[in-house]
Amino acid sequence: MDHMPRVSEVLYVGMCRKIGTPTEVTFRRDIQDTGEMIQKPSQLYKGVTQMLSGSRREGFRFKSSDFDYMFWLPDHKVICELSQSTLYHPPRHTLIYMETSDTPPGFARLQLLTPSNQEIVMSSLLERNYTEYISSSLLRMRFHQSLSRLNPSSEGENLHGPCHNYTFLSIENDIALCFHSGHWPLPALPWVDRCLIRAWPSRSVLQSIINEGFHLVPIANRQTNEDSDLEWRISFSQAEQKLVYSMNHCQFLCFGIMKIILKEVISDELLCSYHMKTILFWRIQESSSTSWLPSTLLQHVWFCFKSLMQCVYTGYLPNFFIPENNMFAGKVVGTQQIFLYQELERFYEIGIALLLHSPTLREILIPAVSDPYFVMPTEESYLKSEIDIDIAFDGESFSYTSVVVVSDFLSNMMHLNVIDQLFSTCQNVVYHDMLIRVLESTSMSLKAQCLFVSKKKRHSNERSIIHMLDLVSKLGCVSDGLYLALYLYDTGRYQTALTVTDRVNQRLSQPHIMYRSVDRQRYSEVVGGQSILTKYRKAWARNVTFENEFTFIEELRLEQEVSKMNGMPNLHLPPFVIVHMLSVLCHYILGNMSQYLQALTDLHTLLLYDDGRYVELENRDLSWQILGICQHVVGDLHGALQSYQESLRQIPRHKIQIATETRIDLVKSQLRVHTTGVIT
């Protein structure tokens, strides 16, 4: 045990590298929180609110982490006491009364007090003792049916607990339709007193949790037999998120280690990540006298493991908010409980060395275990380099900011209004990045309007579009100027489009540009030590995203329509492919033969010899398709045919095969016209 603090610090550093440093975890949360803040007004306007919950929202990025979403109707108000009904105004609000007098702890029945304007709610009613209740089973089933087969790209759709479950682009998603209450539930009032006595969470976090209220999720207690259709589980997902946010990084890593132990060591279907979270909450609240430091991380992990053993032995794991709700009831029982305890006992006898049974943790710990003099610094600057943090931030923000992109103009205006208010208080790069995405979306929604407005209004819209896309070019990352170039091309301003494209290409060609990989030395020399916003504008490049709700250029309309028909929301185009494509198309229309032939050769060479640095494998179906389109446009039919066929051999990321086959048929028919035989 003398080596425990040293080994513990090694574990802390290794977990920071696996799970994320404090900075990384913070910006993951900030990006998610900011996106939801921006979306909220437009969601309220549309009559539905959504929230990402679970491990991804908390800041984890395990490969196995799925996306857990909660949807609710903001005009449906759940009250805990009848006197609270005076706070609302039917029929603008639908009132629902939560009954907990004779339900299992942690569960409730929902009595509909005033009619709902939602058919899914009204069709889920059941009558008991002349009173109408919302059936959890009926609403869950109707919600599942409404989402099933909605997106052709969704796979494996099924009911998973209270959720509609499906896989999209190899990522598992769970969506639950819930009800929200802005009040604090009576069964959880003792929790507030306990928090004040134990001094965790802090008073400010506690007040924020109480103000946010809670949710009711459509699933009954597993032990209920009679009227189980009417039971709803009281969910504290928002409160749990705030509790995890309030943890220090050592506590957060302890949670991550318990998740890894569960998955890689225990691996028993009776247990889930939520059980680990609950045990950790209890540990933090009861350990106010014990410091949570890198040197004590192993001590806390071992205590949590022993707590898990105790809970399995007794068959009793109290819910953190409502302890009377035994989370093991009806689940950790009988022979399975005995077998699970025996397995945990076997690991307990091994001691803290049980961590070595996890491949992830073993990789971290072996250096410290094998060398008694091994010491690892725990300063954040040692954990990850500045460039690695920048790469992580870029990937995280790019993967999320597209959620603020919507097709209707009014929602875009709402998003811009929120971003404008945020900008007045904080020049956060997350707000900046989302501003760029919303400006792009707004410009495209304006472009779509041009088909249905007067000539005068169309000219006004075009000026606004160019102004917005010019802002995108100036404020965005290096590749964002291509949105302006694409619009200029699509509206016949070919020479200006070339000028913009050449300017972007010149910037993209600099060795310090970060796109998929980067020359670390040149990056550090040019932007090292500067603000993340400066790096974003000077040194970052990203894929150009075509939202399939909009037509960006006519040459790719077919691909967008087919991709959208197959359930894909967008196309992702490497910026280097876009540069060559625009060079080919613009020079061809302007009659510059040597230039368009050179650009065509450059694009072909790029696709033939690139190792993934400029064109990632999952985007090559579309990239080869674009080469084929360019060859087709300039009259190289044989080249176009080969490129289209090569597109079909790539990973079908964008689901454009029908478009490719259509273009192949067209090329073959044109070749037949020019030859006496039939192409084979």
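Residues numbered from 1 in each chain as written. Predicted model: local features only at pLDDT ≥ 70, side-chain atom pairs only at ≥ 80, totals over all residues. Heavy atoms only, no water.

J.: Would you mind going over the overall build of the chain with me for this structure?
T.: Of the regular secondary structure elements, the chain holds 28 helices and 13 strands. Within the chain, counting contacts between residues at least 6 apart in sequence, those at least 24 apart form 67% of the total. By element, 52% of the accessible surface of the chain is carried by carbon and sulfur atoms, the whole surface being about 30,000 Å². Put simply, the chain has 61 plus and 71 minus side-chain charges, and the middle of one group is 4 Å from the middle of the other. (Helix = DSSP H or I, 4+ residues; strand = E, 2+ residues; numbered from the N terminus. Contact = heavy atoms within 4.5 Å. Areas by Shrake-Rupley, 256 points an atom, 1.4 Å probe, with all protein chains shown as cover. Lys, Arg positive; Asp, Glu negative; His and termini not counted. Charge placed at Lys NZ, Arg CZ, Asp CG, Glu CD.)

J.: What is the right way to look at the packing of helix α17 (residues 429–449) against helix α22 (residues 532–539) in this model?
T.: Between two packed helices, both the angle of their axes relative to each other and the distance between the axes serve to describe the pair. Two elements in contact, α17 and α22, have axes whose closest approach is 9 Å; the angle formed by their N-to-C orientations is 35°. Crossing angle aside, the handedness with which α17 passes α22 is right-handed. Contacts between α17 and α22 involve Val429, His432, Asp433, Ile436 and Arg437 on the former and, on the latter, Ile532, Leu533, Tyr536 and Arg537. (Axes fitted to C-alpha atoms, helices over the stretch in contact; angles between N-to-C directions. Left-handed = near helix turned anticlockwise from the far one by under 90°.)

J.: Help me understand empty space enclosed by the protein in this model?
T.: Empty space among the atoms becomes apparent when a probe as large as a water molecule is rolled across them. Under the defined criterion, the tally for this structure stands at one cavity of 30 Å³ or more. Considered as a void within the structure, the largest cavity measures approximately 40 Å³ in volume. Along its surface, the largest cavity is lined by Asp621, Ser647, Leu648, Gln650, Pro652, Ile656, Gln657 and Thr660. When the residues that make up the lining of the largest cavity are grouped by side-chain class, the tally is three nonpolar, four polar and one charged. (1 Å grid on protein atoms, 1.4 Å probe; cavity = no way out; pocket = protein on both sides within 12 Å on 5 of 7 lines; lining within 4 Å. Points joined across faces, edges and corners; volume = space filled by probe spheres on them. Nonpolar A, V, L, I, M, F, W, Y, C, P; charged D, E, K, R; others polar.)

J.: Explain the nonpolar core here, please?
T.: Generally speaking, nonpolar side chains in soluble globular proteins are found buried as a group. Leu11, Ile134, Phe179, Trp191 and Ile261 are the most contacted members of the largest nonpolar core, which totals 99 residues. If you tally residues by element for this core, the top one is helix α9 (residues 249–266), at twelve residues. Beyond its immediate chain neighbours, meaning those up to four positions away, Leu11 contacts Ile257, Leu297, Leu298, Leu355, Leu361, Ile364 and Leu365. By size, the runner-up hydrophobic cluster in this structure holds 86 residues, among which are Val472, Leu482, Ala539 and Leu585. (Core = buried A, V, L, I, M, F, W, Y, C linked by side-chain atoms within 4.5 Å. Buried < 20%, exposed > 50% of the residue type's maximum accessible area, 1.4 Å probe, protein only.)

J.: Would you take a moment to explain the packing of helix α25 (residues 593–609) against helix α26 (residues 620–634) for this structure?
T.: Put simply, α25 and α26 touch, their axes get as near as 11 Å, and they point 155° apart. Between α25 and α26, the crossing angle belongs to the class labelled roughly antiparallel. Considering only the axes of α25 and α26, their crossing is left-handed. Facing Tyr596, Leu600, Leu603, His604, Leu607 and Leu608 of α25, the residues of α26 in contact are Arg620, Ser623, Trp624, Ile626, Leu627, Cys630, Gln631 and Val634. Class assignment for the residues of the contact of α25 with α26 results in ten nonpolar, three polar and one charged. (Parallel < 35°, antiparallel > 145°, perpendicular 65-115°, else oblique.)

J.: How should I be thinking about the side chain of Ser181 in this particular structure?
T.: Mapping Ser181 onto the fold places it in strand β9 (residues 171–181). There is a polar contact of 2.9 Å between the side chain of Ser181 and the backbone oxygen of Val78. A polar contact is formed between the side chain of Ser181 and the backbone nitrogen of His183, at a distance of 3.2 Å. (Polar contact = N/O pair within 3.5 Å; in protein donor to acceptor, adjacent residues only side chain to side chain.)

J.: I would appreciate a short explanation of unusual backbone geometry in the present structure.
T.: The general pattern is negative phi for most residues beyond glycine and trans for most peptide bonds. Put simply, Pro90 and Pro91 share a cis peptide bond, and its omega is 5°. Tracing the chain through its elements places Pro91 in the loop between β2 (67–79) and β3 (94–99). Cis geometry marks the peptide bond from Trp200 to Pro201, where omega comes out at 0°. Looking at the secondary structure, you find Pro201 in the loop between α6 (189–198) and α7 (203–212). A positive phi angle, close to 55°, is found at Asn129, a residue other than glycine. Residue position: Asn129 is located in the loop between β5 (125–128) and β6 (131–134). The phi dihedral of Ala199 is positive, around 65°, even though this residue is not glycine.

J.: What exactly am I supposed to notice about the pairing of strand β7 (residues 155–160) here?
T.: Note on strand geometry: in a regular strand, side chains alternate between the two faces of the sheet. Pairing analysis gives four bridges linking β7 to strand β8 (residues 163–168), with the strands arranged antiparallel. By the bridge assignment for β8, Leu159 is matched with His164. The turn joining β7 and β8, which pair antiparallel and follow one another in sequence, is formed by two residues; a positive phi near 60° is taken by Gly161. (Pairing = 2+ DSSP bridges.)

J.: Is there a simple way to think about helix α21 (residues 520–527) in this case?
T.: Helical geometry: 3.6 residues make up each α-helical turn, so side chains three or four residues apart lie on a common side. Two or three places before Gln521, at the start of α21, stands the capping residue Asp519, its side-chain oxygen 3.2 Å from that residue's backbone nitrogen. Positioned one or two residues after α21, Gly529 has a phi angle of 80°, which is positive.

J.: Mind showing me how you'd approach the pattern of salt bridges here?
T.: Two side chains that carry opposite charge are able to pair once their charged atoms sit near each other. Under the definition given, this model contains 27 salt bridges. When the shortest N-O distance is used, the salt bridge between Glu386 and Lys535 registers 2.5 Å. Of the two residues, Glu386 sits in helix α15 (residues 386–401) while Lys535 sits in helix α22, which places them 149 residues apart along the sequence. For Glu386, a relative accessible area of 33% translates into the label partly exposed. (Salt bridge = Lys/Arg side-chain N within 4 Å of Asp/Glu carboxyl O.)

J.: So what exactly am I meant to see when it comes to a nonpolar patch on the surface here?
T.: A surface patch of nonpolar side chains, amounting to about 220 Å² of accessible area, comprises Tyr588, Ile589 and Val633. Within the secondary structure, Val633 is located in helix α26. Given the relative accessible area of 31%, Val633 is considered partly exposed. (Patch = residues over 30% accessible without salt bridge, like charges linked within 9 Å, V, L, I, M, F, W, Y side chains within 5 Å.)

J.: Whenever I open this one, the side chain of Arg56 confuses me. Can you help?
T.: Relative to the helices and strands, Arg56 is located in helix α3 (residues 54–58). What makes Arg56 buried here is its relative accessible area of 17%. Setting aside its immediate chain neighbours within four residues, Arg56 contacts Arg61, Ser65, Asp66 and Phe67.

J.: In this structure, what is going on with the pairing of β2? I would like to understand it.
T.: For β2, the buried fraction is high: ten of the 13 residues fall into the buried class. The pairing of strand β1 (residues 49–53) with β2 spans five bridges and is classified as antiparallel. Among the inter-strand pairings, Met51 is bridged to a residue of β2, identified as Met70. Summarising the sheet, β2 and β9 pair through seven bridges and their orientation is parallel. From the neighbouring strand, Lys77 faces β9, where its bridge partner is His180. Note that β2 and β3 share four bridges and pair parallel. Residue Ile79 lies in a different strand from β3, and its bridge partner there is Tyr97.

J.: Whenever I open this one, the packing of aromatic side chains confuses me. Can you help?
T.: Aromatic ring pairs are described here by two measures, namely the spacing of the ring centres and the angle between the planes. For the structure shown, the criterion picks out 26 aromatic pairs. Judged by centre distance (4.8 Å) and plane angle (75°), the ring pair of Phe27 and Phe393 falls under edge-to-face. Pair noted here: Phe27 is in helix α2 (residues 22–46) and Phe393 is in helix α15, with a separation of 366 residues, a long-range link. Judged by relative accessible area, which is 6%, Phe27 ranks as buried. Between Trp282 and Phe320, the aromatic rings sit 5.3 Å apart at their centres with planes inclined by 85°, giving edge-to-face as the arrangement. Here Phe320 lies in the loop between α11 (297–314) and α12 (334–350) and Trp282 lies in helix α10 (residues 273–286), a separation of 38 residues in the sequence. (Phe/Tyr/Trp six-rings, centres within 6.5 Å; stacked < 30°, edge-to-face > 60°.)

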